[in-house]
Amino acid sequence: DAGITQSPRHKVTETGTPVTLRCHQTENHRYMYWYRQDPGHGLRLIHYSYGVKDTDKGEVSDGYSVSRSKTEDFLLTLESATSSQTSVYFCAISDRGDTDTQYFGPGTRLTVL
Amino acid sequence: EDQVTQSPEALRLQEGESSSLNCSYTVSGLRGLFWYRQDPGKGPEFLFTLYSAGEEKEKERLKATLTKKESFLHITAPKPEDSATYLCAVPLKGGSEKLVFGKGTKLTVNP
């Protein structure tokens, strides 16, 4: 299994509070991704990173920001959480991007009350 | 608009009853198609990548095939442990790292 961990694995928070999710990899892969998965929508890309301090937006980036200060860590921040951001969040990594295989972490279940 | 559609949404089989899952796509200039398996409460697990029409790949009871318009995941003599949601994904056109996922097919294999 690809060495990907996500923390926390579960979180319950209140509307308006900031939340940061962490993805950590031990594979030294260049690319890292954040997805959310919701019933009826499948997996949707939020943001991705193609190197340290290099990030780009995905399909559903509004309300989210990311940071990558080290190769191994990719942080997803919800500046002011809303109920619509209740979801399961997955981190993924790939070595070369483009059509290279993405490997997924175990996920974080976030509930915003 | 790039789109990936999977069918059926859900499929129930008896153990040993072979069937196929479908993934159709509208991305032009396909540069790869990925199949994943996802168990409840877990992240997607990579199964196959197919790059060109006519390509086939196999793993145990699973075989993935690719045409110019769609991919099939054939399941031969399934077992209860094959129960999972199967996802397919394609890269967006334009040299991007972004994958577009289908909504998945939830497979249940009854003993």
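Here the structure is a predicted model, which means the values were calculated and not measured.

1. Examining the overall build of chain A
Thinking step 1. The secondary structure content of chain A amounts to zero helices and 11 strands.
Thinking step 2. What you see in chain A, going N to C, is helices and strands ordered as β-β-β-β-β-β-β-β-β-β-β.
Thinking step 3. Relative to the compact-globule value of 13 Å for 113 residues, chain A shows a C-alpha radius of gyration of 13 Å, a close match.
Thinking step 4. Across the 113 residues in chain A, those meeting the buried criterion constitute 51%.
Thinking step 5. Relative to all contacts within chain A whose residues are 6 or more apart in sequence, the contacts with residues 24 or more apart total 56%.

2. Things to note about the overall build of chain B
Thinking step 1. Helices and strands together make up the secondary structure of chain B, namely zero helices and 11 strands.
Thinking step 2. In chain B, the order of α-helices and β-strands from amino to carboxyl end is β-β-β-β-β-β-β-β-β-β-β.
Thinking step 3. Computed over its C-alpha atoms, the radius of gyration of chain B comes to 14 Å, within 12% of the 13 Å expected for a compact globule of 111 residues.
Thinking step 4. Dimensions of chain B along its principal axes, counting C-alpha atoms only, are 45 × 30 × 20 Å.
Thinking step 5. Here chain B holds 111 residues, and the buried ones make up 46% of them.
Thinking step 6. Of the contacts made within chain B by residues no fewer than 6 positions apart, 54% connect residues no fewer than 24 positions apart.

3. A few points about the nonpolar core
Thinking step 1. Within the largest apolar cluster, 24 residues are counted, with the highest numbers of intra-cluster contacts made by L33(B), W35(B), L73(B) and Y86(B).
Thinking step 2. Mapped onto this core, the elements with two or more residues apiece are β2 (10-14), β3 (19-25), β4 (33-38), β5 (45-50), β7 (62-66), β8 (70-75), β9 (84-91) and β11 (105-110) of chain B.
Thinking step 3. Residue contributions to this core peak at four residues, all from β9(B).
Thinking step 4. Once residues within four sequence positions are removed from consideration, L73(B) is found in contact with S19(B), S20(B), L21(B), W35(B), F48(B), L62(B), K63(B), A64(B) and Y86(B).
Thinking step 5. V19(A), W34(A), V66(A) and I93(A) belong to the second largest nonpolar core, which has 19 residues in total.

4. What to know about the sheet that holds β7(B)
All names here are of chain B.
Thinking step 1. Judged by pairing direction, the sheet is antiparallel, and its five strands sit side by side in the order β1-β3-β8-β7-β6 without closing on themselves. Of all the strands in the sheet, just β1 (4-7) and β6 (56-59) have a single pairing partner and so form its edges. This sheet shows a mean twist of 15° between the axes of neighbouring strands, independent of strand direction.

5. Here we look at the pattern of salt bridges
Thinking step 1. One pass over the full model with this rule turns up nine salt bridges over all chains.
Thinking step 2. Taking the shortest distance from any N to any O, the salt bridge between K63(B) and E56(B) comes out at 3.8 Å.
Thinking step 3. Taken together, the salt bridges that share partners define one network made up of R22(A), K70(A) and D73(A).

6. Points about the sheet that holds strand β1 (residues 4-7) of chain A
Residue and element names in this part refer to chain A.
Thinking step 1. Strand order in the open sheet made by the four strands is β1-β3-β8-β7, with antiparallel pairing throughout. With one partner strand each, in any of the chains shown, β1 and β7 (64-70) form the two edges of the open sheet. Put simply, the sheet's adjacent strands are angled 20° from each other on average, direction ignored.
Thinking step 2. Bridge count for strand β3 (residues 19-25) against strand β8 (residues 73-78) is six bridges, and the pairing is antiparallel. Directly across from H24, in β8, lies its bridge partner D73.

7. Focus: the confidence of the model for chain B
Thinking step 1. Averaged over chain B, the pLDDT score is 92; the fraction of residues at 70 or greater is 94%.
Thinking step 2. Within chain B, the element-level pLDDT minimum falls on strand β10 (residues 99-101) of chain B, averaging 90, and the maximum on β11(B), averaging 98.

8. Concerning the interface of chain A and chain B
Thinking step 1. Of the residues lining the interface, 23 residues belong to chain A; the matching set on chain B comes to 21 residues.
Thinking step 2. Between chain A and chain B the total buried area reaches about 1700 Å² when both faces are included, carbon and sulfur atoms providing 54% of it.
Thinking step 3. For chain A, the biggest contributors to the area lost against chain B are L43(A), D98(A) and T99(A); these three give 31% of the whole.
Thinking step 4. Run the count over chain A and chain B and you get zero salt bridges.
Thinking step 5. Across the chain A-chain B interface, the total number found is four residue pairs in polar contact (both at pLDDT 80 or more).
Thinking step 6. Elements with a minimum of two residues in the side of chain A that touches chain B: β4 (31-38), β5 (42-51) and β10 (103-104) of chain A.
Thinking step 7. Here the residues of the side of chain A that touches chain B sort into 10 nonpolar, nine polar and four charged.

So, how was this worked out
- Residues numbered from 1 in each chain as written.
- Chains lettered and ligands numbered in written order.
- Predicted model: local features only at pLDDT ≥ 70, side-chain atom pairs only at ≥ 80, totals over all residues.
- Heavy atoms only, no water.
- Helix = DSSP H or I, 4+ residues; strand = E, 2+ residues; numbered from the N terminus.
- Rg over C-alpha atoms; globule rule 2.2 N^0.38 Å.
- Buried < 20%, exposed > 50% of the residue type's maximum accessible area, 1.4 Å probe, protein only.
- Contact = heavy atoms within 4.5 Å.
- Core = buried A, V, L, I, M, F, W, Y, C linked by side-chain atoms within 4.5 Å.
- Pairing = 2+ DSSP bridges.
- Axes fitted to C-alpha atoms, helices over the stretch in contact; angles between N-to-C directions.
- Salt bridge = Lys/Arg side-chain N within 4 Å of Asp/Glu carboxyl O.
- pLDDT = per-residue confidence, 0-100.
- Buried area = accessible area lost by both parts, 1.4 Å probe.
- Polar contact = N/O pair within 3.5 Å; in protein donor to acceptor, adjacent residues only side chain to side chain.
- Nonpolar A, V, L, I, M, F, W, Y, C, P; charged D, E, K, R; others polar.

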